Amino acid sequence: MPTEAVRTLRDTTADPEFGPWLAQASVLVVDDEPGMRNFLMRTLGPRCKRLELAADTDEASQKLDQHHFDVVILDNIMPRKNGVEWLAEQRAIGLFADAILMTAYADLETAIQALRAGAVDFILKPFRSNQLLNAVARCLDRSRLQRENYVLRYELKATSDHILLRDRLIGESAAIASVRETIARVAPLPTSVLLTGQSGTGKEVAARSLHTLSDRAAKPFVPVNCGAIPPDMIESELFGHLKGAFTGAERAREGLFLHAQGGTLFLDEISEMPPATQSKLLRVLEDRKVRPVGSEREVPVDLRFVFATNAELEKEVQAGRFRADLFFRINVMQIHLPPLKERDGDALELAALFMKKLAAQLGMPAVPIDAAARRALSAYDWPGNVRELRNLIERTLILGRFPDGFGSAVSAPVTGDGGSLADVERRHILSVLAACNGQRDEAARQLGISRKTIDRKLVAWDG
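Not measured: the values here are computed from a predicted model.

> Break down the packing of helix α13 (residues 346-362) against helix α15 (residues 385-399) for me, with residues and values.
One way to put it is that α13 packs onto α15 with a least axis distance of 9 Å and a crossing angle of 50 degrees. Compared by their axis directions, α13 and α15 come out oblique. Here α13 runs over α15; the crossing is right-handed. On the side of α13, the interface is formed by Ala 347, Leu 350, Ala 351, Phe 354, Met 355, Leu 358, Ala 359, Gln 361 and Leu 362, while α15 contributes Val 386, Leu 389, Arg 390, Ile 393, Glu 394, Thr 396 and Leu 397.

Here it is as structure tokens:
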């Protein structure tokens, strides 16, 4: 029965009785009985996005190497190797999909073995179709909630700042309108995108816009700050790991690549990625497979990649800190986010919006933006870009007025000595460091960059 083994239906619609996720699910059935495979094909085929059937564990292992599956349904009693033994082996070499075990023998020992092998549900033969569909729906709901919770916890840990306006680029200037137009053109395509620009210009906002306008909008958007993950942990965070893969790995865990399955993975501060991980990322981009730490199996992934950096990657390549082949691989479509000082009039629009949103968030009355404040906002160079503007508005709300000296200090554009962009950046970082009494971690948090970026710039300036 050759391609009774494969059934992919692209036009499936959500079955309200079994939840909205079944129509998007990819399911593998492992059973040596043709009659049972046929029954499961009729039950699951019209309701799933992808259904594959395997007549034995060897065929099932091959299919796991070729495709990603959300759920594996397997019989326990099969020739050569039973389902529990095979499942335990697959968990040990890198199987993260939920597994449902089917058996005609309802003894306690089998149930205990199944749970130890990593089965999440247990169905007794004979069973009705709705029993199976309910079991699959429970698995999908469980894994979706686990992934959503993990990604939300990661986002909360990765940023201490309140996120405002993160899903849309605000402003009517020609510079930001051009960015929005480019994003709208590239969003429906599978092309990888590299976002460049100074810190605080809204690269994550642009990445979220790309995701929202793509055909992956209903799937996860997973942002990863490469500079915020310790180098010895980044491979495990991105690719996942098996139980016992390293000291402290008490259980297997999917990485952020697998949590983003079907959606968009946003790798921010890509220049901060360690060289060893750069090499592994290049392989993922070429093969569309990830190998969890300690795993013998590469897991297929279906992702849209968006990268971002505030560094000049060409110079990083020349300095030997960034792989040239990786740079050429990710630099397919580059979108530059303009600094706020080049977005005529947008500072005033953003200031008004931040004032309204932050006043509601903090429970404080809005401070009027009078003519003097508007002139100062328009004249300032904003070396910290949109993030600096947001921080100024929050300080203003806390004080109940614009800070002392705001009109004179802010309205004077940087000219003469040290008027270049590099000098503005240097003065701004040093002034924030001074205000933080030299505490680099706190300065990095306020600036919205990594501690490593500050360390690297200080070394360069001292040199």
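Moving on from the coordinates now.
> Help me get a handle on the packing of aromatic side chains, residues and values and all.
In the structure shown here, the tally under the stated rule is seven aromatic pairs. Aromatic side chains Phe 257 and Phe 305 sit 6.0 Å apart centroid to centroid with 55 degrees between the ring planes, which places their arrangement in the tilted category. Here the residue Phe 257 occupies a position in helix α9 (residues 256-259), and Phe 305 occupies one in strand β14 (residues 304-309), the gap between them amounting to 48 residues. Accessibility classification places Phe 257 together with Phe 305 in one group, the buried group. Here Phe 327 and Phe 328 contribute two aromatic rings whose centre-to-centre distance is 5.5 Å and whose plane-to-plane angle is 55 degrees, an arrangement assigned as tilted. Of the residues examined, Phe 328 reaches a relative accessible area of 62% and is grouped as exposed. Taken together, the ring pairs connect Phe 239, Phe 257, Phe 305 and Phe 307 into an aromatic cluster.

> Lay out the pattern of salt bridges in plain terms, naming residues and giving numbers.
All told, the structure shown has 22 salt bridges when counted by the stated rule. Among the ionic pairs, Arg 323 bridges to Asp 325, the shortest N-O distance being 2.7 Å. Residue classification places Asp 325 among the partly exposed positions, given a relative accessible area of 34%. Arg 343 serves as the salt-bridge partner of Asp 346, at 3.0 Å between the closest nitrogen and oxygen. Several salt bridges converge on common partners, so that one network encompasses Arg 283, Asp 287, Arg 291 and Glu 298.

> So what about empty space enclosed by the protein? Which residues, and what values?
Within this structure, the stated rule accounts for two cavities of 30 Å³ or more. Along the wall of the largest cavity there are 14 residues; nearest its centre are His 68, Phe 69, Leu 95, Phe 96 and Val 299. Tallied by class, residues from the lining of the largest cavity come to eight nonpolar, three polar and three charged.

> Give me the lowdown on the pairing of strand β5 (residues 98-103), citing residues and values where you can.
Within β5, six of the six residues are buried, leaving the element largely enclosed by the surrounding structure. In β5, alternate side chains face the same way, and those of Asp 98, Ile 100 and Met 102 on one face and Ala 99, Leu 101 and Thr 103 on the other are all buried. Handedness of the crossover joining strand β4 (residues 71-75) and β5 through helix α3 (residues 83-93): right-handed. Examined bridge by bridge, β5 and strand β6 (residues 121-124) share four bridges and lie parallel to one another. Its bridge partner being in β6, Leu 101 is matched across the sheet by Phe 122.

> Give a description of α15 that names residues and reports values.
Taking 1.5 Å as the rise per residue, α15 with 15 residues should run 21 Å; its terminal C-alpha atoms sit 21 Å apart, in good agreement. Inspection of α15 places Asn 385, Val 386, Glu 388, Leu 389, Arg 390, Leu 392, Ile 393, Glu 394, Thr 396 and Leu 397 among the buried residues, and these make up the whole buried set. Of the residues one or two after α15, Gly 400 is the one with positive phi, at around 85 degrees.

> If you had to explain the environment of Pro 220 to someone new, which residues and values would you point to?
Tracing the backbone through its elements, the reader meets Pro 220 in the loop between α7 (203-212) and β8 (221-225). A relative accessible area of 29% places Pro 220 in the partly exposed class. Taking the C-alpha atoms as reference points, Pro 220 and Leu 265, 45 residues apart in sequence, are found 8.2 Å from one another. Not counting residues within four places of it along the chain, the set of residues in contact with Pro 220 comprises His 211, His 259, Ala 260, Gln 261, Gly 263 and Thr 264.

> Summarise the sheet that holds strand β11 (residues 264-268); cite the residues concerned and give the values.
Two pairing modes exist for strands in a sheet, parallel and antiparallel, and in both the strands are linked by backbone hydrogen bonds. The five strands lie next to each other as β8-β11-β14-β7-β15, forming an open sheet whose pairing is parallel. In this open sheet, the two edge strands, each paired with only one partner strand, are β8 and β15 (333-336). Within the sheet, the average angular offset between the axes of one strand and its neighbour, ignoring direction, is 20 degrees. The sheet strands contacting helix α6 (residues 174-186) are β7 (193-196), β14 and β15, and the helix crosses β15 at an angle near 155 degrees.

> Provide a residue-level description of the environment of Ile 398, including the pertinent values.
Tracing the backbone through its elements, the reader meets Ile 398 in helix α15. Residue Ile 398 is classed as exposed on the basis of its relative accessible area, which comes to 55%. Distance from Ile 398 to Val 367, taken between C-alpha atoms, is 9.8 Å for residues 31 residues apart in sequence.

> Quick rundown of the side chain of Thr 57? Include the residues and the values.
Among the structural elements, Thr 57 can be located in helix α2 (residues 57-66). The contact partners of Thr 57, leaving out residues within four places of it in the chain, are Val 30, Met 78, Lys 81 and Trp 86.

So, how was this worked out
Residues numbered from 1 in each chain as written. Predicted model: local features only at pLDDT ≥ 70, side-chain atom pairs only at ≥ 80, totals over all residues. Heavy atoms only, no water. Axes fitted to C-alpha atoms, helices over the stretch in contact; angles between N-to-C directions. Helix = DSSP H or I, 4+ residues; strand = E, 2+ residues; numbered from the N terminus. Parallel < 35°, antiparallel > 145°, perpendicular 65-115°, else oblique. Left-handed = near helix turned anticlockwise from the far one by under 90°. Contact = heavy atoms within 4.5 Å. Phe/Tyr/Trp six-rings, centres within 6.5 Å; stacked < 30°, edge-to-face > 60°. Buried < 20%, exposed > 50% of the residue type's maximum accessible area, 1.4 Å probe, protein only. Salt bridge = Lys/Arg side-chain N within 4 Å of Asp/Glu carboxyl O. 1 Å grid on protein atoms, 1.4 Å probe; cavity = no way out; pocket = protein on both sides within 12 Å on 5 of 7 lines; lining within 4 Å. Points joined across faces, edges and corners; volume = space filled by probe spheres on them. Nonpolar A, V, L, I, M, F, W, Y, C, P; charged D, E, K, R; others polar. Right-handed = clockwise from strand over helix to strand, strands pointing away. Pairing = 2+ DSSP bridges. Expected span 1.5 Å × (residues − 1).

So yeah, pure geometry; function would need other evidence.
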